[in-house]
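Close look at the chain arrangement
These are the residues of each chain, in order.
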Amino acid sequence: MKKHRLPYMVAGAVLFAALFTGCTNERLEDELDFRKIGINSMQSGDYEGAVAAFNSRNYPSVWGRLTDTELDICYYKAAAQYAGGDIEGALATYQAMIDYDEENGNAYYLHGCLSLKQQDTDTAKKDFANAVKYNPDDYELYVGIYENLAGNNMTEEGEEYLNKAFDIKGNSAENLTWRGRIYYLLGQYDNAVKELEGAVKKDSAKANLYLAQVYEAEEDSANAEKYYQAYVDSGTADSVAMNALAEIQMEKGNYEAALEDIRQGLAMDNVTNQQELLSNQIIAYEYSGDFSSAWDVVQQYVSLYPDDEAAQREYIFLKNRQNTDAGSDAESTDSSDEGQNSTGNSSTDDSSAQSDTTNDSSTGDSSAENRSAQSDSTGDNTAGDSSSQDTGN
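Below, the structure is looked at part by part. Just so we're clear, the structure is a prediction, and the values are computed from it rather than from any experiment.

A positive phi angle, near 60°, is found at Asn153, a position not held by glycine. Here Asn153 is to be found in the loop between α8 (139-150) and α9 (155-164). A positive phi is found at Asp203, a non-glycine position, where the angle reads about 70°. Take Asp203: it is sitting in the loop between α11 (189-201) and α12 (205-217).

See below:
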């Protein structure tokens, strides 16, 4: 009997592997399905539904290890919680990820960002320190920490992280681009230009964007426009670059060109600065004299950003202008109607007077009647045309 044991063992192992693989594939398909549902819910603004979808599978407690897909779902879940206003829930999700992997630099960074938003600066600083400790070669992390600290009146602490980023070695296009951007953030424009020009020579499209920002900071609009356009022409431009180009065009008084840049920016798949684009769109429409379009956009804007007080004032201004324009059109129509009626009455009176001075022949009577009828008809038609125009307005 022993001689048959190995084939049975092999068969059992193959069967187990097949079953295990089937379960794993099914599990992955479920995860991807629920992730898709969650992402779609986020895009439609249903953040509670998104969190529910991301919570639909709780594999870590069963399997003990998180797959890359499950980690991805955790990030999405925290993002949905934050977007839905549940900051404490998002913090708890990031903390659970840190507890699972104490060297997850990204989770530390995101936990730090939310802690800073909650005014818990001590926790935020510890999180940021751990973030770069475990991801020491991530330029984006250093810049992100700087931007968060600077945005909370801790610019000096933020600049310390920018200077630490110079410890990352390398002369690739990516290295030069990031170093150039960091010099720009530090206000060291000469060094920034040197690094970024080197990156452009190595075909870094992004370096064009940062060069444009450097020249814009130096108020060199000609070079700024040149490099913004180069960035757009590279095919990798984003909505931020399109907004910057629009602002340059607006400074020149080229409002139609600015509106086209804004339209392109708003049409992009990933619009990260919709508020700025819509705000500039309102201004460009106003300066181009298209107050009707400006009114359409400002209505959309205040529905999306109701806390913007300046936009609320602009809304009132444009609404009053719309009402004034509508009143002017109505008054113009009334005046036109009165003028036409007056003309018709005058013609009728003249015709009647002429009829009285004509002999009593049937031809004379007929002529007077025809002229009177024609006068009334002309007055009615003109009034009809004026009314139609007003309705169109």
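This brings us to the packing of helix α5 (residues 87-100) against helix α6 (residues 105-117). Running from N to C, α5 and α6 point in directions that differ by 155°, and their axes come no closer than 9 Å. In terms of orientation, α5 and α6 fall into the roughly antiparallel class. For the pair α5 and α6, the crossing hand works out as left-handed. Along its contact with α5, which presents Ile87, Ala90, Leu91, Tyr94, Gln95, Met97 and Ile98, the element α6 presents Ala107, Tyr108, Leu110, His111, Leu114, Ser115 and Lys117. Taken together, the residues of the contact of α5 with α6 sort by class into ten nonpolar, three polar and one charged.

Another point: the nonpolar core. One finds Tyr109, Phe128, Ile145, Leu149, Tyr161, Ile182 and Tyr228 to be the most contacted residues of the largest nonpolar core, which totals 57 residues. Sequence-distant contacts of Ile145, defined by excluding residues within four places in its chain, comprise Tyr109, Phe128, Val132 and Tyr161. The next biggest cluster of nonpolar side chains, apart from the first, holds 21 residues, and it includes Ile262, Ala284, Trp295 and Val302.

What follows is about the pattern of salt bridges. Within the structure shown, the criterion is met by six salt bridges. The salt bridge involving Lys252 is made with Glu225; its shortest N-O contact spans 2.4 Å. Taken together, the residues Lys252 in helix α14 (residues 239-252) and Glu225 in helix α13 (residues 221-233) connect sequence positions 27 residues apart.

Let us now look at the environment of Ala241. Its place among the elements puts Ala241 in helix α14. Here Ala241 falls in the buried class, since its relative accessible area comes to 0%. Considering only alpha carbons, one finds Ala241 and Tyr228, 13 residues apart in sequence, at a separation of 6.4 Å. Discounting chain neighbours no more than four positions away, the residues touching Ala241 are Leu209, Tyr228 and Tyr231.

On the surface, Asp99, Asp101, Glu102 and Glu103 cluster together to form a negatively charged patch. For Glu103, the location among the structural elements is in the loop between α5 and α6. The class for Glu103 is exposed, based on a relative accessible area of 53%.

Each value, and the rule that gives it
- Residues numbered from 1 in each chain as written.
- Predicted model: local features only at pLDDT ≥ 70, side-chain atom pairs only at ≥ 80, totals over all residues.
- Heavy atoms only, no water.
- Helix = DSSP H or I, 4+ residues; strand = E, 2+ residues; numbered from the N terminus.
- Axes fitted to C-alpha atoms, helices over the stretch in contact; angles between N-to-C directions.
- Parallel < 35°, antiparallel > 145°, perpendicular 65-115°, else oblique.
- Left-handed = near helix turned anticlockwise from the far one by under 90°.
- Contact = heavy atoms within 4.5 Å.
- Nonpolar A, V, L, I, M, F, W, Y, C, P; charged D, E, K, R; others polar.
- Core = buried A, V, L, I, M, F, W, Y, C linked by side-chain atoms within 4.5 Å.
- Buried < 20%, exposed > 50% of the residue type's maximum accessible area, 1.4 Å probe, protein only.
- Salt bridge = Lys/Arg side-chain N within 4 Å of Asp/Glu carboxyl O.
- Patch = residues over 30% accessible without salt bridge, like charges linked within 9 Å, V, L, I, M, F, W, Y side chains within 5 Å.
- Areas by Shrake-Rupley, 256 points an atom, 1.4 Å probe, with all protein chains shown as cover.
- Lys, Arg positive; Asp, Glu negative; His and termini not counted.
- Charge placed at Lys NZ, Arg CZ, Asp CG, Glu CD.

Note that every value here comes from positions in space, so none of it alone points to a role or purpose.
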